[in-house]
Amino acid sequence: GWYTAYTPYQAEISQGRLEAILNFQHMVNDLTGMELSNASLLDEATAAAEAMAMLKRVNRKNKSQRFFVDEGVLPQTLDVIRTRAGHFGYELVIGNPAEKIAKGDFFGILLQYTGSDGEVNDIAPWVDAAHTEGAMVVVAVDLMSLTLLKPPGEMNADVVVGSSQRFGVPMG
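The rules behind the values
- Residues numbered from 1 in each chain as written.
- Predicted model: local features only at pLDDT ≥ 70, side-chain atom pairs only at ≥ 80, totals over all residues.
- Heavy atoms only, no water.
- Phe/Tyr/Trp six-rings, centres within 6.5 Å; stacked < 30°, edge-to-face > 60°.
- Lys NZ or Arg CZ within 6 Å of the ring centre and 35° of its normal.
- Helix = DSSP H or I, 4+ residues; strand = E, 2+ residues; numbered from the N terminus.
- Buried < 20%, exposed > 50% of the residue type's maximum accessible area, 1.4 Å probe, protein only.
- Salt bridge = Lys/Arg side-chain N within 4 Å of Asp/Glu carboxyl O.
- Expected span 1.5 Å × (residues − 1).
- Arc of directions from axis to C-beta.
- Contact = heavy atoms within 4.5 Å.
- Axes fitted to C-alpha atoms, helices over the stretch in contact; angles between N-to-C directions.
- Left-handed = near helix turned anticlockwise from the far one by under 90°.
- Nonpolar A, V, L, I, M, F, W, Y, C, P; charged D, E, K, R; others polar.

1. A short note on the packing of aromatic side chains
Link 1 in the chain: A complete count under the given rule lists four aromatic pairs for this structure.
Link 2 in the chain: An aromatic cluster is built from Phe-67, Phe-88, Tyr-90 and Phe-107, whose rings are joined through pairwise contacts.
Link 3 in the chain: Taking NZ or CZ as reference, Lys-56 lies 5.1 Å from the ring centre of Phe-107, over its face.

This is the structure:
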């Protein structure tokens, strides 16, 4: 769909791709409420695992080796997080954010917005509780749902990951 009937010069193809990426990134900024975005070929699960590792690197004041995962996280995301955490030596705690965040010593928190059961929770109190405890927060989202829901960036999320597959962007 990006090519015309004539054979365009390589520079025109590259310009079109760059423009498409820029437009996509602006859309992601608008939907997530974040200041920065990145167009990536990572799936949501791998992006969440990368976000976990990044939070540990940037949250240097917090010496905890524990990472909290919302029980509503998608199963494939949990599998990748579990594997990556094992290699890094992080202890995973999986549970209900309302019960666990304020009681734990975590360097990072992963919340699913909306949950795997389709439930939409107000994650703002959980984000605030995590920040109070010195933890940083990753929110895994369905970008399409953010056309109706409050953006995680407006609830002070530190990182937002998700998939654009529902927008018609195929995997890979």
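2. Details of the environment of Gly-104
Link 1 in the chain: Tracing the sequence through the fold places Gly-104 in the loop between helix 4 (97-100) and strand 3 (108-113).
Link 2 in the chain: According to the relative accessible area criterion, Gly-104 is buried, its value standing at 11%.
Link 3 in the chain: Distance in space between the C-alpha atoms of Gly-104 and Glu-133 is 8.1 Å, their sequence separation being 29 residues.

3. Observations regarding the pattern of salt bridges
Link 1 in the chain: Within this structure, the stated rule accounts for two salt bridges.
Link 2 in the chain: Residues Arg-84 and Glu-50 are paired through a salt bridge, measuring 2.6 Å at the closest nitrogen-oxygen approach. Residue Arg-84 is located in helix 3 (residues 75-88), and its partner Glu-50 is located in helix 2 (residues 44-58); the two are separated by 34 residues in the primary sequence.
Link 3 in the chain: Close ionic contact of Arg-66 with Glu-91 constitutes a salt bridge, the shortest N to O distance being 3.6 Å. Here the residue Arg-66 occupies a position in strand 1 (residues 66-70), and Glu-91 occupies one in strand 2 (residues 91-95), the gap between them amounting to 25 residues.

4. What to know about helix 3
Link 1 in the chain: Its 14 residues place the ends of helix 3 20 Å apart at the C-alpha level, agreeing with the 20 Å of an ideal helix rising 1.5 Å per residue.
Link 2 in the chain: Residues Thr-77, Leu-78, Ile-81 and Ala-85 constitute the buried set of helix 3. What you see down the axis of helix 3 is that its buried residues fit within an arc of 95°, all on one side. Among the exposed residues of helix 3, those pointing more than 90 degrees away from its buried face are Pro-75, Gly-86 and His-87.
Link 3 in the chain: Close packing links the buried residues of helix 3 with helix 2, strand 1, strand 2 and strand 3.

5. Re the packing of helix 2 against helix 3
Link 1 in the chain: Viewed as axis vectors pointing N to C, helix 2 and helix 3 meet at an angle of 35°, and their least axial separation amounts to 8 Å. Of the two elements, helix 2 crosses helix 3, and the hand of that crossing is right-handed. Contacts from Glu-44, Ala-45, Thr-46, Ala-48, Ala-49, Glu-50, Met-52 and Ala-53 of helix 2 reach helix 3 at Gln-76, Thr-77, Val-80, Ile-81, Arg-84, Ala-85 and Phe-88.
Link 2 in the chain: Taken together, the residues of the contact of helix 2 with helix 3 break down into nine nonpolar, three polar and three charged.

Worth remembering: the numbers are spatial, not functional.
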